[in-house]
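# Observations on chain architecture
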Amino acid sequence: MPNKPWLVHYPDHIAKEIDIPKQSIPEILQKTARDWPHQTAISFYQQDISYQQLERSMDRFATGLQQNGIQKGDRVAMMLPNSPQFVMAYYGILRMGGIVTQVNPMLVERELEYILKDSEAKMIVVWDQLYPLVKKIQPRTQVDIVVVVSLQKHGDNDCPEVTFDDFLASDKERFSEVTIHPAEDLASLQYTGGTTGRSKGVMLTHRNLVANVVQTYEFFKDTISIGHDRFLTVIPLFHVFGMTSGMNMAVYTAATNILLPRFDLGEVLETIKNEQPTTFPGVPTMYVAIANHPDAEAYGIGSIRFCNSGSAPMPVELMKTFENRSGAEIFEGYGLSEAAPTTHCNPRFAKRKPGSVGIGLPSTDYKIVDYSDGIKEMPPGEPGELIIRGPQVMKGYWRNPEETKNTLKKGWLYTGDIATMDEEGYVSIVDRKKDLIIAGGYNIYPREVEEVLYQHPDVQEAVVVGIPDKYRGETVKAVVVLKDGSSFVEKDMLAYCRKYLAAYKAPKSIECRDVLPKTSVGKILRRQIVKEEKEKGKQTM
């Protein structure tokens, strides 16, 4: 019998099991536009777009797609920063039955070519700054149509391709209705980051995406106020966390979505001061930056009531610092692309356990199993692999039956993450199964060591990796970024770690850097540091 999230008492008005509406993602926007037509849907650098206007733009873009030969089931790539055009194109593609293929604008030529080839995208909507890159590889792909987006008011009128504005000029009365089957039809191909191997296209249906929005809203219905919240969305919309928690959730709850294309601390603080957001979905590095700014309170960060943190572990000390300065509550959760993405979060209606990712969302089953056999359930407190079952779980990997078979087994999603669960059903992520350090036969979980480092008064960011060791197989190394004004003495920090960690867990070396490598969403790239250390090891052999 799977462990249930409702080992914790749910109040009567929050459903433990929910019926997922048989809707497509565009139908959510259509309903919000009917109910809140004049509500501001998007705020972008003094440009306000109402839900009525957003719906019209969606229909026009969908019409433009049809008139250019795009059909239901075709893949349409998007390579854009956060902007109104992103939202319009996303919903427009889904409106006519297309499949959005999300592309990170920071990808290099080889990575972009792989995704376009693998998805067999027929069209790409691209930021004009990246147009030369797309044109360079287009002959090696199946992309026939390139739609160019300029974020400047006066874009390049000499662009040789069709522009986004050309598409929006389409007559929506010429749109041919398309039947979408939410449980079967794909909405998005969400390519994994490739940090654990070759990037894979996660197939998410309309039902997967609708389910995750409804699950999250039900879980936080006491916190989110329909038609009255203001989201600050700086997490990238092309990332699965931004797509669901920053875009689709805002539309579902008729919120105003304040979009920023990238995280610049000064701009974020000025935006908070001027726009007074109430909800801030973010990642730990964003909260680090705000919490360490000396004048954060002067920018009115107290307007933020609700923060949901994902994509990377939230160090407990960081959470305390941010909450003390802002007055907001951070609810750490857990998810992955394969689950659209959210499966767990700390609840508002029950005990919040810092350091855990909380309990499962409604209609989400989960258990911790032995990571060697994948079957035997582990007792409370014992680590194993977290597996999940629910309506948000993907259909599979795009044209990759072998990987699908390895990840989806008898209806369960095997996450590859090592976790523990307590008697109340709260889950704590220990580490990626692939990040486990085995030194002298001992299992060492990097996150445990990182938590100790984050408690050091001089440490702003930390990451722990295993590096090759001739005697122990692997040994522990930490890489840290210090707070402004702090000085680094390796022997003192090593002594600090030995004080709070068992000898076999304590780092044997600590390196200080100015910055840590990160993904576009702000997640620390542990695997890049591992790769660097392996290269160093080869050079010294």
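Report follows, based on the coordinates.

For the rest of this paragraph, the subject is the packing of helix α1 (residues 25-35) against helix α8 (residues 240-252). Two measures define how a pair of helices packs: the angle their axes make with one another and the distance between the axes. Where α1 meets α8, the axes come as close as 8 Å, and the angle between the chain directions of the two elements is 45 degrees. On the basis of the axis angle, α1 is oblique to α8. Residues Ile25, Ile28, Leu29 and Thr32 of α1 lie in contact with α8, whose contacting residues are Asn248, Val251 and Tyr252. Broken down by class, the residue content of the contact of α1 with α8 amounts to five nonpolar, two polar and no charged.

Here helix α7 (residues 206-219) spans 20 Å end to end across 14 residues, near enough to the 20 Å set by a 1.5 Å rise per residue. Most of α7 is tucked away: 13 of the 14 residues are buried.

Relative to the elements of secondary structure, Ser57 occurs in helix α2 (residues 51-67). If near-sequence neighbours (up to four positions away) are discounted, Ser57 is found in contact with Met88 and Leu168.

Okay, the packing of α2 against helix α3 (residues 84-95) next. The interhelical angle for the contact between α2 and α3, taken along N-to-C directions, is 55 degrees, at an axis separation of 7 Å. Judged by the angle between their axes, α2 and α3 are oblique. The handedness of the crossing between α2 and α3 is right-handed. Where α2 abuts α3, its residues Leu54, Ser57, Met58, Asp59, Phe61, Ala62 and Leu65 lie against Val87, Met88, Ala89, Tyr91, Gly92, Ile93 and Arg95. Its residues placed into classes, the contact of α2 with α3 shows 10 nonpolar, two polar and two charged.

The rules we used
Note on numbering: residues in each chain are counted from 1, in written sequence order. Side-chain atom pairs in this predicted model are given and counted only at pLDDT of 80 or more, local residue features only at pLDDT of at least 70, and totals for whole chains, interfaces and linings cover all residues. The basis for every side-chain value is the complete set of heavy atoms in the structure, and neither hydrogens nor water enter the calculation. Between N-to-C directions, angles cover 0 to 180 degrees, with each direction set by a line fitted to C-alpha atoms, over the stretch in contact for helices. We count a stretch as a helix when DSSP gives it H or I for four or more residues in a row; a strand needs E for two or more, and each element gets its number in order from the N terminus. Angle categories: roughly parallel below 35 degrees, roughly antiparallel above 145, roughly perpendicular from 65 to 115, and oblique for all the rest. Contacts: residue pairs with any heavy atoms within 4.5 Å of one another. Side-chain classes are defined by residue name, with Ala, Val, Leu, Ile, Met, Phe, Trp, Tyr, Cys and Pro counting as nonpolar, Asp, Glu, Lys and Arg as charged, and the others, Gly among them, as polar. Helix span is expected to be 1.5 Å times the residue number reduced by one. Note on exposure labels: buried denotes an accessible area under 20% of the residue type's maximum, exposed denotes more than 50%, and partly exposed covers the range between, all computed with a 1.4 Å probe on protein chains only. Working rule for handedness: look at the near helix, and if it is turned counterclockwise from the far one by less than a right angle, call the crossing left-handed; if clockwise, right-handed.

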